[in-house]
Amino acid sequence: MTAEIDDDLWSAIGDPTRRRMLDMLLAAGGGTATSLSHELPVTRQAVAKHLGILHRVGLVHAAPIGREMCYRLDDAQFARAVAQLSTVGASWDARIQRITQIAETI
């Protein structure tokens, strides 16, 4: 991997619940801990904790709406994550291709 890969970002995305939350926020344009918890098999408190992690790495921004916080995806940080994924994928594709070439010559 290159120095451009943000381990904190990938650690946050590595959790399946957080990935599902990102999908939900992307589809809906935003949401609160309460609205997301209705669609997930975890408590509202767990959703709030996951949102805090996503906020810390910059994948979501929070804005107060009444008594709750509304979370929205940060387009620039999400694009950065997608770009990193493409870089990692291309790197692994190249490694697999080299391994395949070595295996075929053996």
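Being a predicted model, the structure only gives us computed values, none of them experimental.

Visitor: Explain helix α2 (residues 16-28) residue by residue, including any values.
Guide: Between its first and last C-alpha, α2 extends 18 Å over 13 residues, near the 18 Å set by a 1.5 Å rise per residue. When α2 is considered as a whole, its buried residues turn out to be R18, M21, L22, M24 and L25. Buried residues in α2, looked at end-on, bunch into an arc of 165°, giving them a common side. In α2, the exposed positions angled more than 90 degrees off the buried face are occupied by P16, D23 and A27.

Visitor: Break down the nonpolar core for me, with residues and values.
Guide: In globular proteins that are soluble, nonpolar side chains generally tend to be buried together. L36 and L51 are the most contacted members of the largest nonpolar core, which totals 20 residues. When contributions to this core are tallied by element, the ones reaching two or more residues are α1 (7-13), α2, α3 (33-37), α4 (44-56) and β2 (68-73). Setting aside its immediate chain neighbours within four residues, L36 contacts M21, M24, L25, V47 and L51.

Visitor: Got a sec to walk through the side chain of S37? Specific residues and values, please.
Guide: The topology assignment puts S37 in helix α3. Looking at S37, its side chain comes within polar contact range of the main-chain oxygen of T34, at 2.8 Å. With near-sequence residues (within four places) excluded, S37 lies in contact with V42, T43, R44 and V47.

Visitor: Break down the packing of aromatic side chains for me, citing the residues and quoting the values.
Guide: By the definition in use, this model includes 0 aromatic pairs. Above the ring of W92, the side-chain terminus of R95 is found at 4.6 Å from the ring centroid.

Visitor: Requested: an account of the environment of L36, with residues and values cited.
Guide: Residue position: L36 is located in helix α3. Separated by 62 residues in sequence, L36 and R98 have C-alpha atoms that sit 43 Å apart.

Visitor: Please provide a residue-by-residue account of the side chain of D74, values included.
Guide: With respect to the helices and strands, D74 occurs in the loop between β2 and α5 (75-105). Of the side chains bearing the opposite charge, R80 lies closest to the buried D74, which forms no salt bridge; the N-O distance is 8.7 Å. There is a polar contact of 3.2 Å between the side chain of D74 and the backbone nitrogen of A76. When neighbours within four sequence positions are excluded, D74 is seen to be in contact with G58, L59, V60 and H61.

Reading the values: rules and limits
- Residues numbered from 1 in each chain as written.
- Predicted model: local features only at pLDDT ≥ 70, side-chain atom pairs only at ≥ 80, totals over all residues.
- Heavy atoms only, no water.
- Helix = DSSP H or I, 4+ residues; strand = E, 2+ residues; numbered from the N terminus.
- Expected span 1.5 Å × (residues − 1).
- Buried < 20%, exposed > 50% of the residue type's maximum accessible area, 1.4 Å probe, protein only.
- Arc of directions from axis to C-beta.
- Core = buried A, V, L, I, M, F, W, Y, C linked by side-chain atoms within 4.5 Å.
- Contact = heavy atoms within 4.5 Å.
- Polar contact = N/O pair within 3.5 Å; in protein donor to acceptor, adjacent residues only side chain to side chain.
- Phe/Tyr/Trp six-rings, centres within 6.5 Å; stacked < 30°, edge-to-face > 60°.
- Lys NZ or Arg CZ within 6 Å of the ring centre and 35° of its normal.
- Lys, Arg positive; Asp, Glu negative; His and termini not counted.
- Salt bridge = Lys/Arg side-chain N within 4 Å of Asp/Glu carboxyl O.

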